Each structure stands twice: as structure tokens, then as C-alpha cells.
Amino acid sequence: MKKVPRASIIILLIACVALGAYLAISRQPAERPQPPPPPFPTPSVKAPKKVKVYRVAVENNQPKLRATESDVRPGESPPEAALRRLIEQGDTSDLANPIPKGTRLLGLKVEDGLATVNLSREFRDNFSGGSEAEGLTIGAILRTLGQFPEVKRVLFLIEGKPLDTLGHLDLEGPQDVGWVGSEYGDDN
Amino acid sequence: MRHTTAFIFLLVLALVKPPVSAADEVALVVGGGKIFLHTPPVFVDGSVYAPLAALDAVGAKCETDSKHKRDGQKVKITSAGGKKFSCRARLVGDELMLPIRDIAPELGAVADWDEVSRILSLRARIESIAFDGSELRVTTSYPVTYADSWWNAKLILDLHGVQMPARQSDLPIENSTAIAIRTGSHDNGETGRIVLDLPKAVEHKVKSARKTSKIAVSISGLRPADLAGVIPEGRVADEKAPPVGQPPQAETKPPVIELPPVSVTDIGCRKHGRRAEVRVSMSGPAKYLTSMTRQPDRFVVDIANAVLAREFDDMPVGHELLQGIRVGQFAEKAVRIVMDLTRIAAPDVEWDEASGSLVISLRLPKNAGGSLADKIVVIDPGHGGKDPGAGGCDGQWQEKNSNLAIALCLQKALSDMGVCALMTRKTDVRLGSTKTEDLNSRAAFARRHSADLFVSIHGNSVSGPRSPSGIETYYHGREASSMALAYCVHSEVITVADLPDLKVKSDFRLYQTGLGILRRVVSCGIPAMLIELGFVKHPVDLAKLKDPNFQQEVAEAVVRGLRTYVEGNSSSLRQSGNPESPPSEPITDAESAVEPPAETHDAPKQTDKPATEPQKPTSTTGPHRPGEAYK
């Protein structure tokens with residue numbers, strides 16, 4: 001038996017693979033069934049729901065609350081998503097996060113128009129601002145939750161206990177989201 | 001040898017570039033107002049140098065190596081109009097500065113240097129004015145703010161910080177109608193004014209952003225005959241032409257449904273002993289905005305969406321508080337009622353449904369009258385102890401420090417006058433184990449000592465890297481005496497502070513229940529105010545708050561304000577009793593004339609007349625300080 005050089009075998013093998021691959025690629029379109037014209041958008045490509053998150057902008061030497069858009073992640077209710085994004089987002093050059101650093105959302109319950117927001121102690125302890133800052137911190141949460149028709153009032157809790165004040169404003173009891181600080185309004 | 005060379009080189013450098021001192025600092029005015037920069041502009045070698053941040057104000061952008069700053073470094077600049085050029089920066093301290101006056105033409109700005117006041121003013125150029133009967137379009141060389149208003153069927157557009165050429169023929173105006181367009185300027189040339197002489201009052205709507213280089217105002221309701229300059233007889237007033245021209249750009253807000261204007265039918269005044277009552281009869285309730293001015297003392301009510309049913313003559317009253325009343329249609333659909341006061345009064349404004357009138361009651365503010373020396377004043381330095389208040393932008397200063405320092409100056413100044421001045425805290429302590437307890441004990445202190453007046457001293461802050469700057473004063477809700485107190489003190493402080501005037505405000509604008517401390521003290525029947533003496537997160541404000549001279553000057557200004565509240569204007573100029581001719585304003589230090597105009601888009605605006613219009617007293621009501629939001 002005549003010995004076949006190893007190099008020839010390799011070349012042959014490569015050629016076979018190349019031919020096979022070529023055939024596979026060239027025949028593929030013909031084999032693929034024609035996609036039917038899409039009658040309706042398919043449910044699987046549902047657009048991610050957007051929520052508004054209010055943050056602080058200083059324009060013309062005046063602080064304002066400005067709405068930004070954020071996504072709802074899987075498993076989140078829209079109010080929870082909005083509040084989480086508000087707490088998580090970092091400052092940009094134009095927009096500041098008015099929530100004190102280190103604040104964590106421990107719980108959010110929406111029932112009979114009342115949103116009970118349970119925040120970690122950092123929300124109170126790390127707040128170091130003036131009265132305007134406090135108005136903006138509280139205003140941002142009220143506005144962010146106030147975009148949902150199911151939220152009419154907000155009750156602030158710090159690790160389960162009622163929050164009284166951050167230093168300037170009386171925050172005990174449910175706070176009305178309908179109030180729009182004329183100082184901070186972006187739509188008035 | 002190398003050392004010697006280096007030494008000679010440094011010596012030459014030192015000789016060529018003498019160090020820049022604070023005395024070389026100058027002010028930069030853009031957009032009609034002084035702009036605040038972390039590093040102030042300086043005047044060196046016959047040129048004005050401003051930090052790179054100043055480019056923002058004229059809508060320009062720059063590129064440079066900010067890590068390795070060196071003198072003569074090249075900065076690539078793109079103007080708002082897209083013009084690219086480069087310029088060599090000068091290193092002043094560790095800040096790169098640009099010869100802003102020299103590059104003004106490239107930036108699209110007209111520079112105006114005033115050697116005496118040492119103010120460099122940059123104004124935008126008008127690129128074009130066009131009117132086609134349905135839309136007035138104005139383009140400027142960089143984005144500017146502006147205000148629109150009406151005066152006797154004239155549309156007035158005031159462009160802040162815009163240069164108007166001396167001759168109108170120098171302006172590129174495209175007008176395809178017979179309607180006259182006039183231009184002029186006021187505010188010492190800082191504001192450019194465009195007036196459209198329309199044949200009748202029509203609807204107009206601002207379609208552009210509040211700050212833009214492409215201003216567009218749509219005008220509807222003009223018929224071809226109007227545009228041709230013919231005024232037909234028997235015109236139907238409510239006829240509306242279909243909107244012409246482009247649809248509003250990116251209209252995201254729902255259209256505003258406009259209610260028909262209410263009509264002001266009658267105005268009367270009654271004297272009830274020491275109280276004066278002004279009744280404004282109207283066809284229905286309307287929103288209104290109140291404000292006060294000092295020197296001359298006036299209380300102003302602007303009624304929105306209202307028209308005068310007839311002409312009203314000026315009404316002299318001659319009451320001990322109220323000299324007279326003036327009424328005018330100061331915008332197309334806004335009525336202004338000006339009450340000329342003999343001294344600051346406490347105004348209560350209420351809608352009386354039964355009589356269909358707005359009732360303005362003016363009385364002597366609570367605990368006013370007599371001498372300040374006979375009063376008990378409680379001074380409340382905010383925060384203290386383990387509650388530091390807002391943290392300064394230097395990472396060290398705490399709001400509680402300046403609050404206490406200024407309060408101590410104030411106590412000393414008042415005590416020297418013989419006033420019983422008491423402090424809620426004299427040292428660095430918190431007045432309770434919680435913040436609520438702290439607020440309660442401050443209010444309890446004022447009640448326990450039967451305080452006549454309560455003054456809370458605070459510093460302000462806003463989260464984020466960009467801090468506002470300025471002074472604002474709060475009173476609680478609509479409490480009339482506290483409002484008068486806030487205006488008295490604020491107007492004095494703002495004359496000495498040299499910081500932006502963020503006005504007197506109701507604390508309801510800050511939060512729905514107001515400020516905790518003011519709510520508590522006012523509920524004890526004590527007139528109270530809280531002054532925010534600058535933003536600790538702003539370097540200019542913080543430097544002032546730390547400065548003992550500033551602390552002392554502010555304290556003395558507060559004393560003057562308290563004295564005016566109690567004693568009236570006995571020490572200052574009394575205004576003449578003739579409201580027909582508004583007297584010239586007493587000159588104060590505050591008249592630096594470079595402060596940006598107060599402007600709210602949704603509120604009736606203070607409008608000066610077009611430069612060529614005959615004077616009307618109602619339009620010259622002095623500085624307009626928006627006090628409360630519409631109720």
C-alpha cells in the first residue's frame with residue numbers, strides 16, 4: 001500500500017470542510033421558509049415601560065425639578081422602579097440626585113392611594129442641606145411617586161418608624177403628592 | 001549655569017507678568033445681569049480676562065488641556081453660531097483665563113467696557129427680525145432670555161442682554177406686512193426691545209424656549225386687511241383666524257384652556273380707623289400675585305386674566321397708611337393695582353364671594369408702632385451641636401457656624417440700641433434630642449419670652465454640583481405681618497450683601513406646610529421670618545458668610561429692617577402725597593443696575609413701556625418683587 005502523504009490528507013480534509021460549509025451557506029436561504037408578513041407587533045418585543053424620575057437642575061440661578069426617563073426592570077412595579085432609579089442614579093453635570101448618599105429603599109407599599117416609603121437611616125442622617133435642599137429632596141420623591149394615579153399621598157418611614165423632619169419641614173403623617181412647589185415646577 | 005538660566009528666565013517672567021491682585025477684579029455682565037464665576041474676571045494689561053466657564057454664558061464651547069495648564073496655552077473655541085477659532089489663554093493663579101473682550105466679536109458678542117464702574121458687558125447681536133403676519137421671528141448670535149408683553153395692542157418683546165443698533169436701518173428686518181416694527185433699548189442698553197404696532201389686541205403665543213437664539217412668537221387673529229394696514233369698520237371682535245404658519249415645535253404640554261377674562265368694574269376704599277380697606281369689584285374670582293416694594297413703599301396686586309371695564313383715575317386716599325391707589329391695564333390681560341403706602345403695612349387679601357370683590361385690608365403690622373428699643377426680639381441661629389446644617393463647598397464649613405456668628409453680631413447691635421434681644425442658642429448646641437424637639441424648643445423659647453418679633457438666621461444649600469447663589473427671605477403662608485417683616489429686613493440686607501436677590505417668598509412655595517420653625521412661631525401669634533443668607537455650596541456666598549465684615553454688615557442691615565418694621569419711615573425719605581407723578585427713587589447702594597430682572601413666565605410681568613410710548617404711572621411701579629404664588 002502506497003503511503004499517502006499526511007499533508008495531502010490535511011488539504012483534502014480542509015477542502016471537504018470548505019465545500020461543505022459553502023454548500024450549507026449557499027443553500028440556507030432557499031431552505032429558510034418565507035417569513036409571513038407581520039400582522040401585529042409580536043408580544044415578545046414589547047417596548048420596555050418608561051417611568052419618570054425627578055432630579056435637580058439649577059437653571060438661571062434657580063433650582064428646578066426636571067423629569068428624566070428610566071426603564072422598569074423585570075419584576076419591578078412602576079412606582080418601585082421609579083423610586084429605585086431616583087435613589088440609585090448618580091449626579092451628572094446637569095442633574096443632581098437630591099437623595100442623601102447611602103440611602104436604601106427598604107420597602108414600598110401602595111394601598112388605598114397611600115404609598116408608604118420605608119427608607120434606611122442614611123436618608124435622615126446623611127441629609128446635610130438647607131431648606132431649599134430639603135424641599136427638593138422631598139419634592140423629588142413626591143413628584144416621582146405622584147406620576148402614578150394610584151399614589152395620592154406618601155408616608156415616609158425611617159427603618160419602619162415615622163420620619164418627623166429632615167430639619168426644616170414638617171414631614172410627619174401622609175404628605176400630599178398633589179402639591180407642586182411653584183419654586184421647583186418644570187411645567188408651570 | 002543651568003540654574004542661572006532658569007533664574008533669569010523666572011525673573012523675566014515675573015517682570016513681564018506681574019501677579020494679578022484682587023483689586024484688578026471686574027464684573028462681567030451677560031444676558032443683562034452680572035454672571036457669577038468661581039474665579040472672578042480680572043483687568044490686566046488693558047484687557048479683561050475671564051475664566052473658560054464664562055464661555056457658557058454666550059453659548060460657546062471650548063477644548064483645551066485643562067490638566068496641564070500653562071500660560072499662553074491654546075484654547076480651541078466654537079462659538080454659539082458654530083464659528084471655530086483658537087485663542088491663547090493666560091494663566092492667572094491656577095485658572096486659565098481668556099481675553100474675553102478681544103474675542104467678543106468671534107463669540108458673536110458686542111463688548112462694552114465701562115472703565116469707571118469696571119464692568120464688561122457682553123451683548124448678543126441681532127441676526128435677523130422677520131414678521132409675516134402670523135409669526136415674529138428673531139434670531140440672535142447666541143441664546144438669550146426674553147420677555148413678551150402687551151401694551152395697548154402692541155406686542156413688546158424685551159431681549160435681555162441684546163445690543164440694539166442706534167439706527168433701525170442697520171437691522172436686518174424682513175417685514176411682509178404693513179404693520180410697523182420698532183426697535184429700541186432700555187436698562188442702560190442692556191435690554192433690546194422690539195415693538196410690533198398691531199391694529200388690535202390679538203392672541204399671541206411664545207413658541208420658542210425661554211432661552212434660545214431663535215425666538216418665535218406666533219400671532220393669531222390678524223386678517224389680511226389688518227396686515228395691509230386697513231382697519232375695517234364693524235369688525236367682529238371674537239373672530240379668530242385659523243392658525244397660520246408652522247405648528248408649534250415639540251409641543252408636549254396639553255394646550256392651556258383659557259378662560260374669558262374677568263372684568264374689574266369698580267374700585268373703592270374705606271377707612272376703618274387705623275385700617276384701610278380697598279375693594280376691587282370684579283365679574284368673578286381671578287388668580288392674583290402680590291408683591292411689596294420698599295422706598296417707595298408700595299403694595300401691588302396683579303390680577304391675572306383680567307381687564308378694566310373702564311378707565312380709572314388715580315385715587316388719593318389720605319389714610320395714615322394708604323396715600324392713594326393707582327390702577328392700570330399693565331398687560332393685555334392683567335390688571336395692576338398699586339397702593340402707595342406711607343409705611344410698610346400688613347396686607348390681607350381675600351376674595352369675598354358675597355360681594356364679588358377682592359378685599360385688600362391694610363393695617364399696621366402686628367407689634368409695630370413705638371420704638372424698636374421697646375421691643376423683645378428673639379434671634380434664632382439655625383441648627384447647632386450635632387446638627388451642623390448644610391455643609392460648605394470647601395468641605396469644612398458648616399452652616400451652624402455662620403448662623404451663630406451673624407446672630408451674635410445681631411444681638412450685639414440690637415442690645416447696643418437698648419433692644420431686648422434674646423437668642424434661642426448662644427453656643428454650638430442642639431436644642432433637643434431630635435430635630436423636631438429642636439424646632440419645638442426654639443418656638444417655645446419665643447413664646448415663653450413673649451417675643452414681639454422672631455428672626456431666624458440660616459444658610460442655604462441645594463444638592464448637586466451647581467449651586468445657586470443669593471439671598472432669600474421666607475415668611476409663613478399668607479401671614480400679613482410676617483410678610484411685611486420679611487420685606488423690611490430683606491430689602492435692607494440685599495442693599496449691603498452684593499449677592500443675587502432671590503426675593504421674599506412665602507414658605508408655601510418651598511413646601512406645602514411651610515417651614516417648621518416659622519409655622520410653630522407664627523402659630524404663637526409672633527411675626528416671624530427666616531433669612532437664607534447665601535448658599536454655603538457656592539464659593540462666593542461661602543466666602544462672604546465666613547467674612548466677619550459681611551456678618552457685621554448683614555447684622556446691621558437686619559437691625560435697620562426691624563427698625564423700619566416697628567418705626568416706619570421716620571428716618572428715611574417720605575414720599576410726596578401725589579401718586580400721579582411717581583417720585584424719583586431714593587438712591588441706594590443696591591442700585592448697581594446689573595441685577596438680572598425678576599421674571600416668571602406664568603406671572604404677569606413688570607413691564608416698562610416701549611421706549612417711545614407716553615408715560616403712564618401704573619407701568620412704573622418700581623422693582624417688582626413677586627411675593628406669593630397665585631392663589
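Residues numbered from 1 in each chain as written. Chains lettered and ligands numbered in written order. Predicted model: local features only at pLDDT ≥ 70, side-chain atom pairs only at ≥ 80, totals over all residues.

Peer 1: Before we go on, may I ask you to explain the sheet that holds strand β20 (residues 262-272) of chain B in this structure?
Peer 2: Pairing between the strands of a sheet is mediated by backbone hydrogen bonds and can be parallel or antiparallel. Residues and elements named next belong to chain B. With respect to topology, five strands assemble into an open sheet ordered β24-β20-β21-β29-β28, the strand pairing being mixed. Looking at strand neighbours, the two that pair on one side only are β24 (306-308) and β28 (346-352), the edges of this open sheet. Strand-to-strand twist in this sheet, taken as the mean axis angle between neighbours without regard to direction, amounts to 30 degrees. Here β28 runs beside strand β29 (residues 357-363); their pairing, made up of seven bridges, is antiparallel. Among the inter-strand pairings, Glu-350 is bridged to a residue of β29, identified as Val-359. (Pairing = 2+ DSSP bridges. Helix = DSSP H or I, 4+ residues; strand = E, 2+ residues; numbered from the N terminus. Axes fitted to C-alpha atoms, helices over the stretch in contact; angles between N-to-C directions.)

Peer 1: I tried to follow the environment of Tyr-146 of chain B on my own but got confused; where do I start?
Peer 2: Residues and elements named next belong to chain B. Relative to the helices and strands, Tyr-146 is located in strand β13 (residues 135-151). On the basis of neighbour count, Tyr-146 is assigned to the buried category, with 26 C-beta atoms found within 10 Å. Between the C-alpha atoms of Tyr-146 and Leu-157, which are 11 residues apart in sequence, the distance is 6.9 Å. Setting aside chain neighbours within four positions, we find Tyr-146 in contact with Leu-157, Asp-158, Leu-159, His-160 and Ile-215. (Buried ≥ 20, exposed ≤ 12 C-beta atoms within 10 Å, placed from the backbone. Contact = placed C-beta atoms within 7 Å.)

Peer 1: Please explain the nonpolar core as it appears in this structure.
Peer 2: All names here are of chain B. Core analysis: the largest hydrophobic core is formed by 137 residues, its most contacted members being Val-377, Ala-484, Met-529 and Val-558. Looking at which domains feed residues into this core, each of domain 3 (262-364 + 583-619) and domain 4 (372-567) supplies at least three. Discounting residues that sit within four places of it in the chain, Val-377 has contacts with Leu-414, Val-419, Ala-421, Ala-451, Asp-452, Leu-453, Val-455 and Leu-562. The next biggest cluster of nonpolar side chains, apart from the first, holds 56 residues, and it includes Leu-96, Ile-100, Ala-147 and Leu-157. (Core = buried A, V, L, I, M, F, W, Y, C linked by C-beta atoms within 7 Å. Domains from an automatic or database assignment.)

Peer 1: Sorry, what's going on with the interface of chain B and chain A here?
Peer 2: Interfaces are often sized by the accessible area lost when the parts come together. Between chain B and chain A, the contact holds 35 residues from the first and 32 residues from the second. Breaking the side of chain B that touches chain A down by element, the ones donating at least two residues are α6 (435-448), β32 (453-460) and α8 (516-522) of chain B. Each residue belonging to the side of chain B that touches chain A can be placed in one class, and the counts come to 11 nonpolar, 15 polar and nine charged. (Nonpolar A, V, L, I, M, F, W, Y, C, P; charged D, E, K, R; others polar.)

Peer 1: Could you clarify how one ought to interpret helix α3 (residues 100-107) of chain B in this entry?
Peer 2: For an α-helix the count is 3.6 residues per turn, leaving residues at separations of three or four pointing the same way. Residues and elements named next belong to chain B. Every buried residue belonging to α3 is among Ile-100, Arg-101, Ile-103, Ala-104 and Leu-107, and all of these are buried. Viewed end-on, α3 has its buried residues packed into an arc of 160 degrees, placing them on one side of the element. Close packing links the buried residues of α3 with β4 (47-51), α2 (54-57), β7 (84-88), β9 (95-99), β10 (109-114) and β11 (119-124). Remark: Gly-108 follows α3 within two positions and exhibits a positive phi of approximately 85 degrees. (Arc of directions from axis to C-beta.)

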